[in-house]
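# Observations on the model geometry
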Amino acid sequence: MITNIVEFFKNLPAKQCASCGSHIEEQHDCYSNTCTTCASKDL
Ligand SMILES: [Zn+2]
């Protein structure tokens, strides 16, 4: 089962920032579509 979970995440498309298009690292409690850099600009 663990292998299946790993494969599931491998098949997920990489999240990209909706603003600058850079890859977004997995972040806990963060479901925004922008990277931390663009998110901080919005403040
Ligand atoms: Zn960005």
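It should be emphasised that the depicted structure is a prediction, and the values quoted were computed from it without experimental measurement.

When helices and strands are counted, the protein shows two helices and zero strands. Per-residue burial over the protein gives 2% buried out of 43 residues.

On to the environment of N33, then. Structurally, N33 is set in the loop between helix 1 (2-11) and helix 2 (36-41). Owing to 12 C-beta atoms within 10 Å, N33 belongs among the exposed residues under this scheme.

In this fold, Q16 is placed in the loop between helix 1 and helix 2. The exposure class of Q16 is partly exposed, given the 14 C-beta atoms found within 10 Å. Taking the C-alpha atoms as reference points, Q16 and N33, 17 residues apart in sequence, are found 7.2 Å from one another. Ignoring anything within four residues of it in the chain, the contact list for Q16 reads G21, S22, H23 and I24.

Reading the values: rules and limits
- Residues numbered from 1 in each chain as written.
- Predicted model: local features only at pLDDT ≥ 70, side-chain atom pairs only at ≥ 80, totals over all residues.
- Helix = DSSP H or I, 4+ residues; strand = E, 2+ residues; numbered from the N terminus.
- Buried ≥ 20, exposed ≤ 12 C-beta atoms within 10 Å, placed from the backbone.
- Contact = placed C-beta atoms within 7 Å.

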